[in-house]
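# Fold and geometry: a report
The residues making up each chain are set out below.
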Amino acid sequence: MKIATWNVNSVRFRAQLVTRFLRDEQPDVLCLQETKVENGLFPALPFHKLGYTHQAIHGQKAYHGVAVLSKIPFRTSGRETGVQDFCREGHARHMGVTLANGVELHNFYVPAGGDIPDPVQNPKFDHKLHFLAEMEKFFARRKAKSDPVILVGDLNVAPLENDVWNHKQLLGIVSHTPVETRLLGEVQAAFDWTDTTRHFVPPEEKIYSWWSYRAADWEASDRGRRLDHVWASPGLKAALRSQKIVRKMRGWQKASDHVPVVVEFDL
DNA sequence: ATGGTGGTCCTACCA
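In this report, we go over the structure that sits alongside the text. (Residues numbered from 1 in each chain as written. Chains lettered and ligands numbered in written order. Predicted model: local features only at pLDDT ≥ 70, side-chain atom pairs only at ≥ 80, totals over all residues. Heavy atoms only, no water.)

### A closer look at the environment of A15
Position of A15 relative to the elements: it lies in helix α1 (residues 15–25). Note on A15: relative accessible area 14%, which makes it buried. Along the backbone, A15 and F47 are 32 residues apart, and their C-alpha atoms lie at a distance of 8.7 Å. When sequence neighbours within four positions are dropped, the list of residues in contact with A15 reads P43 and F47. (Helix = DSSP H or I, 4+ residues; strand = E, 2+ residues; numbered from the N terminus. Buried < 20%, exposed > 50% of the residue type's maximum accessible area, 1.4 Å probe, protein only. Contact = heavy atoms within 4.5 Å.)

### Let's talk about the sheet that holds strand β6 (residues 104–109)
The strand order across the open sheet formed by five strands is β5-β6-β7-β11-β8, and the pairing between neighbours is mixed. Of all the strands in the sheet, just β5 (94–98) and β8 (194–195) have a single pairing partner and so form its edges. In this structure, β8 lies alongside strand β11 (residues 228–232), joined through two bridges in antiparallel fashion. Bridged to T194 within β11 is A232. Sitting on the sheet, helix α3 (residues 123–140) is in contact with β6 and β7 (149–154), with an inclination near 170 degrees to β6. (Pairing = 2+ DSSP bridges. Axes fitted to C-alpha atoms, helices over the stretch in contact; angles between N-to-C directions.)

### Notes on the layout of surface pockets
Considered as a void within the structure, the largest pocket measures approximately 1,100 Å³ in volume. Along the walls of the largest pocket sit 35 residues, with A112, G114, D115, N156 and W210 positioned nearest its centre. The leading source of residues in the lining of the largest pocket is α3, at three residues. Residue composition of the lining of the largest pocket, by class: 12 nonpolar, 11 polar and 12 charged. (1 Å grid on protein atoms, 1.4 Å probe; cavity = no way out; pocket = protein on both sides within 12 Å on 5 of 7 lines; lining within 4 Å. Points joined across faces, edges and corners; volume = space filled by probe spheres on them. Nonpolar A, V, L, I, M, F, W, Y, C, P; charged D, E, K, R; others polar.)

### Brief notes about the packing of aromatic side chains
Each aromatic ring pair is described using two quantities: the centre-to-centre distance and the angle formed by the ring planes. All told, the structure shown has 14 aromatic pairs when counted by the stated rule. Seen in terms of ring centroids, W6 and F21 are 5.9 Å apart; in terms of plane orientation they differ by 50 degrees. Their pairing is tilted. Here F21 lies in helix α1 and W6 lies in strand β1 (residues 2–7), a separation of 15 residues in the sequence. Ring geometry for Y208 against W211: centres 6.2 Å apart, planes inclined by 80 degrees, an arrangement best described as edge-to-face. Put simply, the rings of F86, F108, F131, F138, F139, F191, W193 and W231 pair up and form one aromatic cluster. Sitting over the ring of W252, R20 keeps its end group 3.7 Å from the ring centre. (Phe/Tyr/Trp six-rings, centres within 6.5 Å; stacked < 30°, edge-to-face > 60°. Lys NZ or Arg CZ within 6 Å of the ring centre and 35° of its normal.)

### A look at helix α5 (residues 178–190)
For an α-helix the count is 3.6 residues per turn, leaving residues at separations of three or four pointing the same way. Spanning 13 residues, α5 covers 18 Å between terminal C-alpha atoms, matching the ideal 18 Å at 1.5 Å per step. Among all positions in α5, only E180, T181, L183, L184, V187 and A190 are buried. On its buried face, α5 is in contact with α3 and β11. (Expected span 1.5 Å × (residues − 1).)

### Some thoughts on the nonpolar core
Membership of the largest hydrophobic core comes to 54 residues, with the highest contact counts inside it found for I150 and F265. For this core, the leading source of residues is α1, giving five residues. Look past the residues within four positions of F265 in its chain and what remains in contact with it is M1, I3, I150, A232, L236, A239, L240 and R241. (Core = buried A, V, L, I, M, F, W, Y, C linked by side-chain atoms within 4.5 Å.)

### Section: the pairing of β5
For β5, a buried count of four out of five residues is recorded, marking the element as mostly surrounded by other parts of the structure. Direction of pairing for β5 relative to β6: antiparallel, over a ladder of five bridges. Within β6, the position partnered with T98 by the bridge is E104. Hairpin remark: β5 followed by β6, antiparallel, with five residues in the connecting loop; positive phi at G102, about 95 degrees.

In structure tokens, the structure reads:
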């Protein structure tokens, strides 16, 4: 089973890039974040035509929004099943589905958190910390860690030193501050999640999934961050087969600032 | 130290 996650930054603006990716990579399931569209206007047809006939969509106008496109049927039915309320602001930032093979899949778009890394001065940062704490509570509550569960998404935190282009320089920058990386570590510990990218890529090696639009030349400066993640539950760790971050897609015309993470499981 | 770009929707907001 091949699972992909991608912050697409508007699924309508980039629908053709989504179909290109689906043709190239042929994942069984693609989880999207920042779809930026309400459910009635979601471009379902081009993905349906490629075999992604099972679509769990949770969107809203202009901002946020998540979706799961799947070749594998869902056990749950309907277009809006599985949404949990991690988000006190009422944003569309989570969609959960259970696949026909029994795998439970959670797709997250964690709040970016604004510019100032202080929850008192900056309500967006406070909201981000609250959202992560809610994620931790949700998974800590569950007992059966042997269940096959996958958590993916734009978590908007780059946890390790080599998940950013310059660790010391980014310690005060939202996405890599100690309070965020500690909290994400607690979310990870709450369910003994395996960070699948780091399962395959040693921590000494720099690897990123996001490059700012503001760089004159994203590739030359290579000032990236690893904000996009696929986590596997303990019961799925032995089934991990491969991971890749599709860096070349940052160079496509009309690229998203994020690129997909693709993980294969032997199931 | 600053501003740099891009999507949504139309005046800023968000990333």
